[in-house]
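Residue-level listing of the chains:
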Amino acid sequence: MANAILENYKDKIDYTLSKYPDSRSAVMPLLYVAQEHYGYLHSEAIEDVADILDMDPTQVKSIAGFYTMYRETPKGKVWLHVCTDLPCALRGADAFYHDLLNELQIEDGETTSDGMFTCEHVMCLGSCDTAPMLQANFRFHESLNMEIMKELLAKWRNDVNAALNPTRAGHEVPVKKA
Amino acid sequence: MNILFREKEVANVHEFDVYAANGGFDALKKSLSMTPKEVIDLVKASNLRGRGGAGFPTGVKWSFIPQNEAVKYVAVNADESEPGTFKDRQIMENNPYQLLEGSLICAWAIQATAVYIYLRGEYWEVAAQLDRCIAKMQEHNLAGENILGKGWSCPIYTHLGAGAYICGEESALLNSLEGKLGQPRVRPPFPAQKGGGLYGEPTVVNNVETLANVPWIMVNGADAYKSIGTERSSGTKIFCLSGDVQRPGNYELPLGTTMRELLYTHGGGPKDGRTFKALLPSGASGPILPLSEETLDMEMTYETFASKGTVLGSASFILLDDTRDIAWAASKMIKFFKHESCGKCTPCREGTYWMDKMLDRVVSGKATSKDLDTILDVASNIQGVTLCALGDFAANPVLATIKNFRSEFEEYLDGGKVTAIHAGAAD
């Protein structure tokens, strides 16, 4: 059975494996690669990673399920993580998030009907002095208000490549054309 | 003074050539001309304490590593996830080579095989920058093979987490790095011991800020470092200010500086028309400290915070002013711990779940006075009985807030008050 991750990212896989004396350590980096490639970690993605690392797919899936940055269900092209933890909430993050959800016309955790945006609230992102803030595809956007946010949303709707994250721990992951 | 935030004195110190031209790598060169034991003794003598929160003496931790083991590791804890903490990110973004140099000096001191920098997954691009810096150091024989021609090789690797506060706990970090679930280990054996570290090998786990202090200490000496701060709290500390303050941000100040100076001179004081009510000094994990004229005069050291029944910890200062509802703040913090509990230990897994449910009942006006007693009972039954400190910390947002601000919780009882608490609730 074809392994799309092994076929498309051989150099990256070789480099990643060379970093660790135990190949199991590569499960986290490879889950990111599989998530970037497939969009989310479905069964085939899990099995590809398990196959490369000679791990039980159940163990790989347990890793994917444990961490918030691995997504096991479909998501929009732009994955928004808005911090509403205490320090951000003290500087207006709850109100900002409420307004953002209204703007996108979705509830917390949902994806917009055009498939563009998935929006979730998350715990502290390490940017407490620039609240309200969020990460879009793991890139920081800080000191936000709804005016700036609407401009960002429009920019990304116009060109989704502007919202994709091309950097993967220093090694370029091919950015798929939308 | 700027031991860590050198970008305030040297523009573009994040660039290799600038770092190298401004004393960069002098500490590494000096360390490699000393024996590992001499380096450990110098760091011990400096009284440097861990800056991640526990404040454990750094040189002492390094000295626990058995010298005769063939394989040893340095694991840099860049998982920075405590609410209100954003200091390590600034060090890595603006002064990355100082962290890398400090990590290698630690590696030399314990004769490590490799350095792994475990960054929280959300610092994705910070990791990419560190990779570029490491590659640059390798080009100049300052990392990787045959460092400085001394025949000692030590690669530095970055490794990304994927969104789990628990992976900042040193043993959970090691499990995560090994490709296992990020859950803590039974100790002993401790990470520094054979069988307790990364891949079972003796390992030093140190915070980013801790290691970033090491180059300065090597070059300037232990006495110079001890001349800053107090006898038991040497050096500078980065204080992260967030919440109800005019100028949130990171402030590097000598330990022993007064809270008044930090909050007013640097932080600009409370917002217009408001007064400071309370401080959470160590993010969500440390007991809340009511602020008064007396506490504002405190000299900020590990020992003074302990004497007040709280902890300095990571110095992640979340400020709450007189308009803030402490019960609401407690609920926010418990939601954090409930989300981040890894699930391994029953008291933490069940306890954080039930504290969250009960605080929801409080802020929706449905609780009675008996419920407050039950919450306190549940909280105190989590402390001291879990495999890691997350359980201990998770009880503090309840125990310390109800102890110091009980009346604010009592306002809600029997339908006295209601506050919406879900994420996305308008202010």
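## A closer look at the interface of chain B and chain A
Here is step 1: Taken residue by residue, the interface counts 47 residues in chain B and 44 residues in chain A.
Here is step 2: Contributions of two or more residues to the side of chain B that touches chain A are made by α7 (124-139), β3 (156-160), β5 (236-243) and α14 (326-340) of chain B.

## Thoughts on unusual backbone geometry
Here is step 1: In this chain, A131(A) is followed by P132(A) through a cis amide linkage whose omega measures -10°.
Here is step 2: When you line up the elements, P132(A) lands in the loop between β2 (117-122) and β3 (134-136).
Here is step 3: Here R187(B) and P188(B) are connected by a cis peptide whose omega angle stands at -5°.
Here is step 4: Here P188(B) is to be found in the loop between α8 (170-177) and β4 (203-207).
Here is step 5: Phi angles above zero are rare outside glycine, and Y199(B) is one such case at about 55°.
Here is step 6: Note on placement: Y199(B) falls in the loop between α8 and β4.

## Description of the domain arrangement of chain B
Residue and element names in this part refer to chain B.
Here is step 1: Domain boundaries assigned for chain B yield domain 1 (6-226), domain 2 (236-321) and domain 3 (326-415).
Here is step 2: The centre of domain 2, based on its C-alpha atoms, is set 23 Å off from the matching centre of domain 3.
Here is step 3: Broken down by class, the residue content of the side of domain 2 that touches domain 3 amounts to six nonpolar, two polar and no charged.

## Let's talk about the environment of E122(B)
Here is step 1: Inspection of the secondary structure puts E122(B) in the loop between β2 (114-119) and α7.
Here is step 2: With sequence-adjacent residues up to four places away left out, E122(B) is seen in contact with L125(A), G126(A), Q135(A), F138(A) and G163(B).

## Structural notes on the nonpolar core
Here is step 1: Core analysis: the biggest nonpolar cluster contains 190 residues, and L31(A), V49(A) and A75(B) have the highest contact counts within it.
Here is step 2: With ten residues, helix α6 (residues 96-110) of chain B is the largest single contributor of residues to this core.
Here is step 3: Every residue in contact with A75(B), bar those within four places of it in the chain, is listed here: Y116(B), Y118(B), L173(B), L174(B), L177(B), L198(B), T203(B) and V205(B).

Analysis parameters
- Residues numbered from 1 in each chain as written.
- Chains lettered and ligands numbered in written order.
- Predicted model: local features only at pLDDT ≥ 70, side-chain atom pairs only at ≥ 80, totals over all residues.
- Contact = placed C-beta atoms within 7 Å.
- Helix = DSSP H or I, 4+ residues; strand = E, 2+ residues; numbered from the N terminus.
- Domains from an automatic or database assignment.
- Nonpolar A, V, L, I, M, F, W, Y, C, P; charged D, E, K, R; others polar.
- Core = buried A, V, L, I, M, F, W, Y, C linked by C-beta atoms within 7 Å.
- Buried ≥ 20, exposed ≤ 12 C-beta atoms within 10 Å, placed from the backbone.

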